[in-house]
Amino acid sequence: MAEKAILYGYRFSSCSWRVRAALLAKRIPFEERAVDIVRGREQLTAQYRAINPAQKVPALVIDGVTLVESIAIVQYLEDTRPLPALTPKSPLDKARMTEICQTIVSGIQPLQNIGLKNFLTSDEEYTRFSLHWCERGLETLEELLGRTAGTHCVGDQLTVADLCLVPQLFNLTHRFKMDISKHPTVTRLNTQLLAQDLFQRSHPNTLKKEKDAQT
Ligand SMILES: N[C@@H](CCC(=O)N[C@@H](CS)C(=O)NCC(=O)O)C(=O)O
């Protein structure tokens, strides 16, 4: 029997949540090993650097290799375990999915990453900087999703765009306390997707409940 995959992640990390949701969607057995990127700053240890040279989560050990970068990981899972597909078949829908993914993965997440905190003059400056780019990103998403969304980001199929959207919105609404209600399509999708079993099972709060139950 194939060994269980190991996900190095952090409960509140949106990038880890993307991968956790992909693993669950594709029913790939895995265990999650917590890397405390906030209080413990465990991502900066030499031991973790040997796993992920970028010193960030996630990293996934699977099929005898270690993969880093959430989108590369999800793509690998998609290529090696194609069902259920998380990418639309039509080239146009695939491009639409990538537009949404990139808006989040390049245009929002890195500009609010916790790792920036120590490189801005104060916590207030970090928040001001991040909120600006998060709001710009939300405005972009509202426009893009207005053109593509059905029950999911792109039509009615679960795709990688959904795996990027839900975790990012959790971050914005919980960590940055942002009000997303002025973005109706974003808000609708967030409510509908969060209600799905996949996002409930991969949710940071579910991980906490599971951890509490073990201790
Ligand atoms: N592009 C990377 C981004 C990874 C990333 O920024 N991870 C965050 C958590 S979501 C992290 O580990 N931050 C800690 C740090 O930068 O020190 C990916 O998609 O995997």
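- The name an unreviewed UniProt entry assigns to the chain is maleylacetoacetate isomerase, from the organism Cnaphalocrocis medinalis.
- As its UniProt record puts it under Catalytic activity (unreviewed entry), the chain is described as follows: "4-maleylacetoacetate = 4-fumarylacetoacetate".
- UniProt's Cofactor (unreviewed entry) comment on the chain is quoted here verbatim: "glutathione".

**Details of the site of the ligand**
Alright, step 1. By nearness alone, 15 residues border the ligand, and Gln-43, Val-57, Glu-69, Ser-70 and Asn-113 come closest of all.
Alright, step 2. Residue Val-57 places a main-chain N or O atom 2.8 Å away from a nitrogen atom belonging to the ligand.
Alright, step 3. Notes on the ligand: free accessible area 510 Å², of which the protein chains cover 90%.
Alright, step 4. Looking at which element gives the most residues to the shell around the ligand, the answer is helix α1 (residues 14–25), with three residues.
Alright, step 5. Residues that form the shell around the ligand fall into these classes: five nonpolar, seven polar and three charged.
Alright, step 6. Two domains each provide a minimum of three residues to the shell around the ligand, namely domain 1 (5–84 + 203–214) and domain 2 (91–199).

**Remarks on the environment of Thr-159**
Alright, step 1. Turning to its location among the elements, Thr-159 is positioned in the loop between α5 (123–148) and α6 (160–175).
Alright, step 2. Judged by its relative accessible area of 0%, Thr-159 is buried.
Alright, step 3. As a C-alpha pair, Thr-159 and Thr-87 span 72 residues in sequence and 5.3 Å in three-dimensional space.
Alright, step 4. Excluding its chain neighbours within four sequence positions, the residues that come into contact with Thr-159 are Leu-86, Pro-88, Met-97 and Val-154.

**Here we look at the pattern of salt bridges**
Alright, step 1. Tallied over the full model, the rule gives seven salt bridges.
Alright, step 2. Here Arg-96 and Glu-99 are joined by a salt bridge, their closest N and O atoms 3.1 Å apart. Placement of both Arg-96 and Glu-99 in helix α4 (residues 91–105) is noted, with a separation of three residues, approximately one turn of the helix.
Alright, step 3. Exposure remark for Arg-96: the relative accessible area of 26% places this residue in the partly exposed category.
Alright, step 4. Overall, Glu-99 belongs to the partly exposed group, its relative accessible area being 31%.
Alright, step 5. The partner of Glu-125 in a salt bridge is Arg-128, and the shortest N-O contact between them spans 3.2 Å. In this pair, Glu-125 and Arg-128 are both assigned in helix α5, three residues apart and thus about one turn of the helix distant.
Alright, step 6. In this structure Glu-125 comes out as partly exposed when scored by relative accessible area, which is 23%.

**Thoughts on the domain arrangement of the chain**
Alright, step 1. The assigned domain composition of the chain is domain 1 (5–84 + 203–214) and domain 2 (91–199).
Alright, step 2. The centre of domain 1, based on its C-alpha atoms, is set 19 Å off from the matching centre of domain 2.
Alright, step 3. Between domain 1 and domain 2, the contact holds 17 residues from the first and 18 residues from the second.
Alright, step 4. For the pair domain 1 and domain 2, the summed buried area comes to about 1,500 Å², and 71% of that belongs to carbon and sulfur atoms.
Alright, step 5. Contact with domain 2 buries surface across domain 1, with Ser-14, Trp-17 and Arg-18 losing the most and accounting together for 38% of the total.
Alright, step 6. Connecting domain 1 to domain 2 are zero salt bridges.
Alright, step 7. At the surface where domain 1 touches domain 2, the tally comes to one residue pair in polar contact (both at pLDDT 80 or more).
Alright, step 8. Counted by class, the side of domain 1 that touches domain 2 contains eleven nonpolar, three polar and three charged residues.

Rules used throughout
Residues numbered from 1 in each chain as written. Predicted model: local features only at pLDDT ≥ 70, side-chain atom pairs only at ≥ 80, totals over all residues. Heavy atoms only, no water. UniProt positions renumbered as here; feature names shortened; annotations may be inferred. Near = heavy atom within 4 Å. Polar contact = N/O pair within 3.5 Å; in protein donor to acceptor, adjacent residues only side chain to side chain. Areas by Shrake-Rupley, 256 points an atom, 1.4 Å probe, with all protein chains shown as cover. Helix = DSSP H or I, 4+ residues; strand = E, 2+ residues; numbered from the N terminus. Nonpolar A, V, L, I, M, F, W, Y, C, P; charged D, E, K, R; others polar. Domains from an automatic or database assignment. Buried < 20%, exposed > 50% of the residue type's maximum accessible area, 1.4 Å probe, protein only. Contact = heavy atoms within 4.5 Å. Salt bridge = Lys/Arg side-chain N within 4 Å of Asp/Glu carboxyl O. Buried area = accessible area lost by both parts, 1.4 Å probe.

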